[in-house]
Amino acid sequence: SFFLVDLLVKLATLAGVQLEGVDALFLVLAEGPGYCPAAAPAVSSPMDTVYRHGKGCRADSVFSGSRTAWLPGNGDGSFSKPNTVTTAQLATTRAIAVGDVNQDGLPDLFIGNWYEKYFSGYEAFANDLLLQYHDECQIPQFARWSIPDENRNTSFDKDLGGRPTYGVAMPILEDGLPMLLEMNYGRRWNRLYRLNIRGPLRNPPGYDLPPPPALQDNRARAEDLTRQLQGDNIAIQTHVDGDDIRHGKHPVWPTQHAEDRPRSKRPDEPPFRANGNTFDSAIGDIDNDGDFDLFLSTIIHSWAGDSSDRSRFLVNQLKETGKLDFISPDHLNVDRIPELPPEGEPLQPVHTQYNQGDIYTELADLNNDGRLDLILCSSDYPDPPPHDERLRLYFQQSDGQFLDVTRQLGVDHIGAGMPSLGDIDGDGDLDLLIGQSFNRLPAEQKIAAALKTGVIQSTDEEDNKPLPSIRLFKNESGDNSASLILHLTGDPAQGVTRDAYGTIVRVTADLDGDPSTPPVTQIRQVLGPYGHSGKQHMISVHFGLGNASKAELVEILWPGPDSKPTTFQSLSSGRHQIHQSFNN
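Heads up: these notes are all about the structure in this document. (Residues numbered from 1 in each chain as written. Predicted model: local features only at pLDDT ≥ 70, side-chain atom pairs only at ≥ 80, totals over all residues. Heavy atoms only, no water.)

### Quick notes on the pairing of strand S18 (residues 355-364)
Point 1. When you tally the buried positions in S18, you get 10 out of 10 residues, the bulk of the element.
Point 2. Taken together, the 3 bridges between strand S15 (residues 293-301) and S18 define a ladder with antiparallel strand orientation. Directly across from isoleucine 300, in S18, lies its bridge partner glutamine 356.
Point 3. Pairing geometry for S18 and strand S19 (residues 373-378), over 6 bridges, is antiparallel. Bridged to leucine 363 within S19 is leucine 374. (Buried < 20%, exposed > 50% of the residue type's maximum accessible area, 1.4 Å probe, protein only. Helix = DSSP H or I, 4+ residues; strand = E, 2+ residues; numbered from the N terminus. Pairing = 2+ DSSP bridges.)

### Considerations on the sheet that holds strand S32 (residues 574-579)
Point 1. The 3 strands are arranged S29-S25-S32 in an open sheet whose pairing can be described as mixed. Strand pairing shows two members of the sheet lacking a second neighbour, strand S29 (541-546) and S32, which therefore form its edges. Pairwise comparison of adjacent strand axes, ignoring direction, gives a mean angle of 20° for this sheet.
Point 2. Here strand S25 (residues 482-489) runs beside S29; their pairing, made up of 5 bridges, is antiparallel. Looking at the pairing, leucine 484 lines up with phenylalanine 543 of S29. (Axes fitted to C-alpha atoms, helices over the stretch in contact; angles between N-to-C directions.)

### Some words on the side chain of aspartate 365
Point 1. With respect to the helices and strands, the residue aspartate 365 is situated in the loop between S18 and S19.
Point 2. No salt bridge is formed by the buried aspartate 365. Its closest oppositely charged neighbour is arginine 524, at 4.7 Å.
Point 3. There is a polar contact of 2.9 Å between the side chain of aspartate 365 and the backbone nitrogen of asparagine 368.
Point 4. Here the side chain of aspartate 365 touches glycine 370 through a polar contact of 2.8 Å, landing on its backbone nitrogen.
Point 5. Non-local contacts of aspartate 365, meaning those with residues more than four positions away in its chain, are made with Gly370, Arg371, Leu372, Asp373, Arg524, His542 and Gly544. (Lys, Arg positive; Asp, Glu negative; His and termini not counted. Salt bridge = Lys/Arg side-chain N within 4 Å of Asp/Glu carboxyl O. Polar contact = N/O pair within 3.5 Å; in protein donor to acceptor, adjacent residues only side chain to side chain. Contact = heavy atoms within 4.5 Å.)

### Brief notes about the environment of tryptophan 558
Point 1. Tracing the backbone through its elements, the reader meets tryptophan 558 in the loop between strand S30 (550-557) and strand S31 (566-572).
Point 2. The sequence separation of tryptophan 558 and tyrosine 501 amounts to 57 residues, and the corresponding C-alpha distance is 8.8 Å.
Point 3. Side-chain polar atoms of tryptophan 558 contact the side chain of threonine 566, separated by 2.8 Å.

### Overview of the pattern of salt bridges
Point 1. Per the stated rule, a full pass over the model turns up 25 salt bridges.
Point 2. The closest approach of N and O atoms between arginine 221 and glutamate 136, which form a salt bridge, is 3.5 Å. Separated by 85 residues along the polypeptide, arginine 221 in helix H1 (residues 218-227) and glutamate 136 in the loop between strand S8 (128-134) and strand S9 (140-145) bring together distant segments of the chain.
Point 3. Residue aspartate 280 is joined to lysine 535 by a salt bridge in which the shortest nitrogen-to-oxygen separation is 3.0 Å. Of this pair, aspartate 280 sits in strand S14 (residues 277-284) while lysine 535 is found in the loop between strand S28 (531-532) and S29, placing the two residues 255 residues apart along the sequence. Each member of the pair aspartate 280 and lysine 535 is classed as buried.

### Considerations on the sheet that holds S31
Point 1. As summarised here, the arrangement of the 4 strands in space is S27-S26-S30-S31, forming an open sheet in which the pairing is antiparallel. Looking at which strands have only one partner, the edges of the open sheet turn out to be strand S27 (520-525) and S31. Put simply, the sheet's adjacent strands are angled 20° from each other on average, direction ignored.

### Points about helix H6 (residues 443-453)
Point 1. Regarding H6, the residues found buried are Ala449, Ala450 and Thr453. The buried residues of H6 occupy one face: seen down the axis, they fall within an arc of 100°. (Arc of directions from axis to C-beta.)

### Re the side chain of asparagine 190
Point 1. Within the fold, asparagine 190 resides in the loop between strand S11 (180-184) and strand S12 (191-197).
Point 2. A polar contact of 3.4 Å, which involves the side chain of asparagine 190, links it to the side chain of threonine 278.
Point 3. Contact partners of asparagine 190, with chain neighbours within four places excluded, come to Arg163, Glu182, Met183, Asn184, Ala235, Val240, Asp241, Thr278, Leu296 and Arg312.

Shown next as structure tokens:
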């Protein structure tokens, strides 16, 4: 079960991370004036390091109020003045992910941008991959790596160039560097870039190559950094771009109902506009087979029919076939699409006016049974029950299917917004902080939702305004099972960020407590902020241990080709803080 704890929280679109030598808050802004806090609470990164400019050095940019910026942490939960990331485009920015794509020990930024002009064409800004380096004063700077094909004009066949991006991520899906995952809107294809480091120059026979030039200035450092990285879009061959339906044809009934709902009368779309409105992703090994799977959350509308992609699991086939590829098995379907009536019976409004506003998602073991569960946050549309847009929780069953247990757990939250997971009360299971959106809801639904959250106590007082709220759900579902929570600290001297982004952890345990059955190995990876709007969780890895009281084996695979793994035998359940520099 989940117990509700009411909170009063001011909202801001921020991401708290650790730069090397800097605890930083990233302020990601779209067009228009921004909110620049003089002091703001820490999100989930410990503020134990104070960043100070070196003698004679200064930040070389001024915050304009309409650009992406980073705010150095002061070590006490407050932040210094913003520094503009001058290499980020002046664009309609909508998402951010933080990770270490080149595994040099410095956190990098992947920023998702949107349409150039909404409702006025298909053109969109390219996204920004910003690689961190330190200048001569050891101040963090960012070099922009060009996304492949970003300068191509928007076409109507392969859809090259920028696409409106609502979510970005830097997951590890196979051996090698993290990848770049774009989740695109406007029923456009998603993208997945496989990255690699360019090999060293080969010396032609008979020639002696001169030593590489010293990097004397920031421009040289930036150019050298971006030159080393290569990437290719592999979304098509891995089936991450969209489902197999590419015809773009809409159902017949929108035309028939066009007098009542004129907007539903739309022409059929070309293939590049017959895909998903993908907002978010969740990354985890749902079948405990040793590779990482995905869940993509999308918005669909009834008038689009099957030409619009649905929210779906993408199950990685790497372990089964040796090749990175994803499939979406039917038994993992979590759609709430109303079934059509028998042939010959008329369509009802529920069949012609539904939406499915799946905007945020996450995977986590909520009941500590060793199987990942699904969190699905839907909002922004006033659909009636049972298709209303709300927070839904799905527990994975022993057969691998996902069962909706929302009402069974007593969870009732309309217009679910950004989720954030962490063990708030230290009892070993993951609690859930959840946002809320009243976008497009009529007044009566807003009032009903605000009454449930306690924002208003009655409808009698004139000053009562039904506003969205943030709610904390304390998790009691895993109280009868043990868990293992590992807080990892990487060593930048070994090429690993202090928050250990990209680290993979394997935990082997006897989940059912039966020595006659084989133990189960679970895997997790350390992810920074990612997805839609840069959602962020407790920066640690959590494993449910079921009936086990300890992990038989823990393997920590730090990122980088030269990093040595850290291993533990017979590690007891509970919390452990592990530093790479201590090595076991």
